[in-house]
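# Working through the structure, step by step
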Amino acid sequence: MTNQTYNFCAGPAALPVPVMQKAQQELLNWRGLGVSVMEVSHRSSEYQELANKAESDLRKLMGIGEEHAVLFMHGGASLQFSSIPMSLLSENKTAEYIENGIWSSKAAQEAARYGKINSIPALQMDDSGIRSLSSPSTWTRSESPVYTHYTPNETIEGIRFPFLPETNGSLIADLSSCILSEKLNMSDFDMIYAGAQKNIGPAGMTIVIVKHELMDKMDFSRVPKVFNYKAQAEQGSMINTPPTYAWYLASLVFEWLLEQGGVEGMEKLAHQRANLLYSYLDSDDFYHNPIAPEYRSLMNVPFILKDESLNDKFLKEARSAGLVGLKGHRSVGGMRASIYNSMPIEGVEALIAFMKEFKQQNG
Ligand SMILES: *Cc1c(COP(=O)(O)O)cnc(C)c1O
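Treat the numbers as computed from the prediction; the structure is a model and nothing was measured. One numbering rule holds for all chains: residues counted from 1, following each sequence as written. Where totals are concerned, whole chains, interfaces and linings use all residues; where local detail is concerned, this predicted model gives features only for residues with pLDDT of at least 70, and gives and counts side-chain atom pairs only at 80 or more. Only hydrogens and water are removed before side-chain values are computed, so all heavy atoms of the structure are retained for them.

Here a strand is any run of E in DSSP of at least two residues, a helix any run of H or I of at least four, and the numbering for each starts at the N terminus. Along the chain, valine 210 falls in strand β12 (residues 206-211). With 21 residues separating them in the primary sequence, valine 210 and phenylalanine 189 have C-alpha atoms 8.1 Å apart. Aside from chain neighbours lying at most four places away, what touches valine 210 is Glu67, His68, Ala69, Leu71, Asp190, Met191, Met215 and Met218. We call two residues in contact whenever any of their non-hydrogen atoms come within 4.5 Å of each other.

Another point: the nonpolar core. Formed by 89 residues in total, the largest nonpolar core has its most connected members in Leu180, Phe254, Leu277, Tyr287, Phe314 and Met355. Ranked by residues supplied to this core, first place goes to helix α7 (residues 244-259) with 10 residues. With near-sequence residues (within four places) excluded, tyrosine 287 lies in contact with Tyr280, Leu281, Phe303, Ile304, Leu305, Phe314, Met355, Phe358 and Lys359. Nonpolar cores are built from buried Ala, Val, Leu, Ile, Met, Phe, Trp, Tyr and Cys residues. Side-chain atoms within 4.5 Å join them into one set. Think of it in three bands: with a 1.4 Å probe and only protein chains considered, a residue is buried below 20% of the maximum accessible area for its type, exposed above 50%, and partly exposed in between. Within the second largest apolar cluster, 26 residues are counted, among which are Met73, Val210, Met215 and Phe220.

Any Lys or Arg side-chain nitrogen located within 4 Å of an Asp or Glu carboxyl oxygen qualifies as a salt bridge. All told, the structure shown has 13 salt bridges when counted by the stated rule. Note that arginine 31 is salt-bridged to glutamate 49, the shortest N-O span being 3.0 Å. With arginine 31 in the loop between α1 (17-25) and α2 (45-62) and glutamate 49 in helix α2, this pair connects stretches of sequence that are 18 residues apart. Arginine 31 gets classed as partly exposed once you look at its relative accessible area, which sits at 43%.

Attention now goes to the site of the ligand. In the vicinity of the ligand, the residues found are Gly76, Ala77, Ser78, Trp103, Thr151, Asn153, Thr155, Asp174, Ser176, Ser177, Gln197 and Lys198. Backbone polar atom of alanine 77 to an oxygen atom of the ligand: 3.0 Å apart, as the coordinates give it. Residues adjacent in sequence count toward polar contacts only when both atoms are side-chain atoms; beyond that, a polar contact is any pair of N or O atoms within 3.5 Å, and within protein one must be able to donate a hydrogen and the other to accept it. At a separation of 2.9 Å, an oxygen atom of the ligand approaches a polar side-chain atom of glutamine 197. Protein burial of the ligand: of its 390 Å² of free accessible surface, 87% is covered by the chains. When residues in the shell around the ligand are grouped by element, the largest group, three residues, is from helix α3 (residues 76-88). When residues are sorted by character, Ala, Val, Leu, Ile, Met, Phe, Trp, Tyr, Cys and Pro go into the nonpolar class, Asp, Glu, Lys and Arg into the charged class, and all the rest, Gly among them, into the polar class. Here the residues of the shell around the ligand sort into two nonpolar, eight polar and two charged. It suffices for a single heavy atom of a residue to lie within 4 Å of a molecule or strand for the residue to be listed as near it. Here the open area of atoms and residues is found with the Shrake-Rupley method and a 1.4 Å probe, where only the protein chains shown may cover a residue.

Structural data, given as structure tokens:
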């Protein structure tokens, strides 16, 4: 056993070690100011520089052009899926919600307070309990939805959209658990949001990427000013005090990502990690992943032990072996290994080695 700990928690999730080291190094004295970045004004020239650099790095990483605004907001992904319908829906307008898991269903429930919802159940299960997405040809669509909301990676179920849904409205995506892990064509998306605590930084901040064209269609007359995307874009996401430390850590993560070959590098690594883990799970009937191969998440890998009475023992021994955060979501049970951008391939190898040994001793 080594001293190395690998954190598989779904969120808040592991951050890259070099990022944490840099943050530690400059914790008490940022940029020679003699104080922490936590302690300076968000309106100081030093902080403004950080904020601008973070935005331009994120634009570079994701290929975001001038047609989109990039916002650094408070409140998590849940605030975003609550605030979007507030500004886009009303009693006689319809939005489509493709529901392929718990988060997309929560988003739909929030939206239903503000307008008509066409909820499209897209998750299906076959007789042997294997889950997949239903074919879009079976979906009942709306003729002219204001927007279609979907969740490319459902974090709890571990299910991923291998395609882009078509829509007659604006396309809005909750990318909380897969942002910066796969290359996207930004022009496909009218709006993207992502809570930071999975692939970007600590909890407390949310990235919003929204087309100016879509903001022009929003009605902000009845929403709190801090939820007014247009005003936030005009004021550099600083209508009020932003989550400055989370923003700072995100800026370090963006710099780290650029050093690691950007999103292309991350996508390659994501496939390597996922292939390694799924191949092992498929090769061994002691463990089992309940998602059809085509729809498996690259980021969140749920797995079930054949003998579920061994769950507690598995978690306890994994923890002693330096593998933490493996407990599955309470609604799904079993285990879940979240393998975000910051997870090195060695972490997955260590997990598989542990699983093999655990099987040998308990199988
Ligand atoms: C984690 C998660 C959320 C919720 O994020 P909060 O920041 O806690 O509101 C929403 N959607 C997805 C896909 C997530 O993974």
